[in-house]
Amino acid sequence: MDLDVYVSAHRAEWDRLDDLLRRRRRLTGAEADELVALYQRTATHLSVIQSSAPDPQLTGRLSQLVARARSAVTGTRRASWRDVTRFLAYGFPAAVYRARHWWVPTALLSTVTAVLLGWWIGTHPEVQSSIAAPSELRALTRPGGEYETYYSSHPAASFAAQVWTNNAQAAAMCLVLGIFLGLPVLWILFQNMLNLGVGLGLMSSAGRLDTFLGLVLPHGLLELTAVFVAAGTGLRLGWTLIDPGPRSRRTALAEEGRAALGMAVGLALVLFVSGAIEGFVTPSGLPTWARIGIGIAAELAFLTYVYVLGGRATRAGDTGDIEAAERSATVPTAA
């Protein structure tokens, strides 16, 4: 594309749009319609220049012009309870549902990895001795030992808040670091599965597997599911960088990145629930079956929420991204 010719052909439209935006008086109906039409055309011009003949100075000018026009056309908008309701009822479950082909396999492979690590540690005394001295291992796994007292070592409210904060940070890191081809996500996921496998192996070798599961399952089902969702979404974001599909790489990363950031907020709420269970239910005096039952109920509620509401929202066209009116204009891309 000859940039000089393109600029000459459309400069008058850009100047006219700039003139309309600078007017202090209220625009007439015809002028308002003209402003909208010029905004749409200028946004398309910007996309064409960015993809075909990027020029920093011209791109900067048109970006500012499009941003001003977009603000004038859409007006300022504040978040409302309607946005929160829409996010929880449609956006978040749709984003999780769309990512299910990534986080479900992630969950299955991670669980198998944790079980294999637990079996390896539990059946190999030499591996256990490399983790800690025999006296330290007995202090960890004995009745009333550190594995059990960990969940009641602090007041329930502060413990739940601490657990929630740590898990929310881990989930956010999985979502954000996915942009680095997913490699940091795999490391974070492995560390989590290694910690789970160590506890599983040490407690099973001490003949206390039932106690371990009774302590982990009430909160762990929902907590690990949230981590798997975050990890799977982070991996999908990394894959988008490699294979954006029919979309341009920039558009694909923008769409998937916005959905991932929104998912971080939703997963923080999910992890708040699992943190409350870990702080108040796991160390409680309830029978083991009751504590595990609460964990299963929370897990089933989340999966139902994702597959029913999320599936319905996805079939209706929701992707978990922000509403179309809030997105930047893009030029169509041929498949």
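None of the values given here were measured: they were computed from a predicted structure. (Residues numbered from 1 in each chain as written. Predicted model: local features only at pLDDT ≥ 70, side-chain atom pairs only at ≥ 80, totals over all residues. Heavy atoms only, no water.)

A closer look at the UniProt feature "transmembrane region" (unreviewed entry) in the chain
Link 1 in the chain: In the UniProt entry, the feature "transmembrane region" (unreviewed entry) is given for residues 102-121, 168-189, 259-277 and 289-308.
Link 2 in the chain: Here residues 168-189 is 77% helix and 0% strand, with 14 Å between the C-alpha atoms at its ends.
Link 3 in the chain: From the first C-alpha to the last, residues 289-308 spans 27 Å; its make-up is 100% helix and 0% strand. (UniProt positions renumbered as here; feature names shortened; annotations may be inferred. Helix = DSSP H or I, 4+ residues; strand = E, 2+ residues; numbered from the N terminus.)

Structural notes on the packing of helix α4 (residues 81-98) against helix α13 (residues 288-315)
Link 1 in the chain: Axis separation between α4 and α13 bottoms out at 7 Å; the angle between their running directions is 95°. One element, α4, and the other, α13, form an angle in the roughly perpendicular class. Two secondary-structure elements touch here, α4 through Leu 88, Ala 89, Tyr 90, Phe 92, Pro 93, Ala 94, Val 96, Tyr 97 and Arg 98 and α13 through Phe 302, Tyr 305, Val 306, Tyr 307, Leu 309, Gly 310, Gly 311, Ala 313, Thr 314 and Arg 315.
Link 2 in the chain: Residue composition of the contact of α4 with α13, grouped by class: 14 nonpolar, three polar and two charged. (Axes fitted to C-alpha atoms, helices over the stretch in contact; angles between N-to-C directions. Parallel < 35°, antiparallel > 145°, perpendicular 65-115°, else oblique. Contact = heavy atoms within 4.5 Å. Nonpolar A, V, L, I, M, F, W, Y, C, P; charged D, E, K, R; others polar.)

Description of the nonpolar core
Link 1 in the chain: Among the nonpolar cores identified, the biggest contains 34 residues, and Phe 92, Val 96, Met 263, Leu 267 and Phe 302 are the most heavily contacted of them.
Link 2 in the chain: Broken down by secondary-structure element, the contributors of at least two residues to this core are α4, α5 (100-123), α9 (156-177), α10 (183-205), α11 (209-242), α12 (249-281) and α13.
Link 3 in the chain: Of all the elements, α11 adds the most residues to this core, at nine residues.
Link 4 in the chain: Apart from the residues within four sequence positions on either side, Phe 92 is in contact with Phe 87, Met 263, Gly 266, Leu 267, Val 270, Phe 302 and Tyr 305.
Link 5 in the chain: Grouped together as the second largest cluster of nonpolar side chains are 20 residues, Leu 17, Leu 20, Tyr 39 and Leu 46 included. (Core = buried A, V, L, I, M, F, W, Y, C linked by side-chain atoms within 4.5 Å. Buried < 20%, exposed > 50% of the residue type's maximum accessible area, 1.4 Å probe, protein only.)

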